[in-house]
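Listed below, chain by chain, are the residues.
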Amino acid sequence: WSELFGNSYPLSVEIGMGKGKFITSLAKQHLERNYIGIEKFSSALIYGLRKQEELALLNLFFLREDAENLTEFFAEGEVEQIYLNFSDPWPKERHAKRRLTSKKYFERDAQVLAPNGRLEFKTDNRSLFEFSLKEAELAGWDVVNYTFDLHHSKMAEGNIMTEYEEKFSAEGNPICKMVARQKGNT
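Residues numbered from 1 in each chain as written. Predicted model: local features only at pLDDT ≥ 70, side-chain atom pairs only at ≥ 80, totals over all residues. Heavy atoms only, no water.

Structural notes on the overall build of the protein
Scanning the protein from N- to C-terminus turns up seven helices and seven strands. What you see in the protein, going N to C, is helices and strands ordered as α-β-α-β-α-β-α-β-α-β-α-β-α-β. Each of the three principal axes of the protein carries a C-alpha extent, and together these read 40 × 40 × 35 Å. By the burial criterion, 45% of the 186 residues in the protein qualify as buried. (Helix = DSSP H or I, 4+ residues; strand = E, 2+ residues; numbered from the N terminus. Buried < 20%, exposed > 50% of the residue type's maximum accessible area, 1.4 Å probe, protein only.)

Have a look at this one:
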């Protein structure tokens, strides 16, 4: 990635970037970082590509890939930050292992995160959030900060809203957010 970007800036990844509002906003605000947006569906990814081109963001690239394949694209310890925003909740219990915040995915994310790397997760789905808090602990992660009402908490400072976040907030749904690190890392 350093070769592609032409620098060795820290690398952040958003998994399931949708139309790309969040990650393009981050890339525009933080030119001293590199960003990769991962999206499984071309129909959503095209919006991010248009925005990237419009803003001429040289610190942002996209992958049309499944989150399942994360370790195929990033080396061990290469990613400083992973963002998961409004991931599919897979509400049926038999589909829990598909949730991007299941123990399986936390273990996968740990492979690519730098020693002091962190994962940030936002959702309006309270049951998914409670599941995620438990799964992080089961996977050996420390939840260093969390809230069940992001927009009325100290964690709201510097928050960049996604398309879904704007929609759900406008409907009066509280947004949950957690920040987690692998145990033993500060």
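Resuming the write-up.
Quick notes on the pattern of salt bridges
For the structure on display, the rule yields eleven salt bridges. One salt bridge connects K21 with E166, and the closest N-O pair in it is separated by 2.9 Å. One end of the pair, K21, is in helix 2 (residues 21-29); the other, E166, is in helix 7 (residues 163-170), with 145 residues separating them in the sequence. For E166, a relative accessible area of 35% translates into the label partly exposed. Between K183 and D142 there is a salt bridge, and its shortest N-O distance comes to 3.0 Å. Separated by 41 residues along the polypeptide, K183 in the segment after strand 7 (176-182) and D142 in strand 6 (residues 141-147) bring together distant segments of the chain. By relative accessible area, D142 is classed as partly exposed at 28%. Because the salt bridges share partners, they merge into one network encompassing R118, E120 and K177. (Salt bridge = Lys/Arg side-chain N within 4 Å of Asp/Glu carboxyl O.)

A closer look at the side chain of K122
Assignment of secondary structure puts K122 in strand 5 (residues 113-123). There is a polar contact of 2.6 Å between the side chain of K122 and the side chain of E165. (Polar contact = N/O pair within 3.5 Å; in protein donor to acceptor, adjacent residues only side chain to side chain.)

Details of the sheet that holds strand 5
In spatial order, the strands read 3-2-1-4-5-7-6; together these seven strands make up an open sheet with mixed pairing. Across the chains shown, the open sheet's two edge strands, defined by having one partner strand only, are strand 3 (60-64) and strand 6. Mean inter-strand twist for the sheet, computed between neighbouring axes without regard to direction, equals 20°. Relative to strand 3, helix 3 (residues 42-55) is tilted by about 165°, and along the sheet it contacts strand 2 (34-39) and strand 3. (Pairing = 2+ DSSP bridges. Axes fitted to C-alpha atoms, helices over the stretch in contact; angles between N-to-C directions. Contact = heavy atoms within 4.5 Å.)

A word on unusual backbone geometry
The phi dihedral of A56 is positive, around 50°, even though this residue is not glycine. Here A56 lies in the loop between helix 3 and strand 3. You can call A56 exposed: its relative accessible area is 55%. Here W90, not a glycine, exhibits a phi torsion of approximately 40°, which is positive. Relative to the helices and strands, W90 resides in the loop between strand 4 (79-85) and helix 5 (103-112).

Regarding helix 2
Looking at helix 2, one finds that the buried residues are F22, I23, T24, L26 and A27. Buried residues belonging to helix 2 abut strand 1 (11-15), strand 2, helix 3, strand 3, strand 4 and strand 5.

Remarks on the nonpolar core
One finds I15, I36, I38, F74, V79, I82 and W141 to be the most contacted residues of the largest nonpolar core, which totals 31 residues. At the level of elements, strand 1, strand 2, strand 4, helix 5, strand 5, helix 6 (126-138) and strand 7 are the ones that each hand at least two residues to this core. Leave out the neighbours within four places in its chain, and I38 touches V13, E14, I15, G16, M17, L63, E65, L70 and F74. Listed in part, the twelve residues of the second largest apolar core include L45, L57, F62 and I160. (Core = buried A, V, L, I, M, F, W, Y, C linked by side-chain atoms within 4.5 Å.)

Topic: helix 6
Three or four residues apart is the spacing at which side chains of an α-helix point the same way, because the helix has 3.6 residues per turn. For helix 6, with 13 residues, the first-to-last C-alpha span of 19 Å sits near the 18 Å given by 1.5 Å per residue. Every buried residue belonging to helix 6 is among L128, F129, F131, S132, L133, E135 and A136, and all of these are buried. Elements in contact with the buried residues of helix 6: helix 5, strand 5, strand 6 and strand 7. Among the residues trailing helix 6, G140 stands out with phi positive, at a value near 85°. (Expected span 1.5 Å × (residues − 1).)

Function cannot be inferred from these measures alone, as they are strictly geometric.
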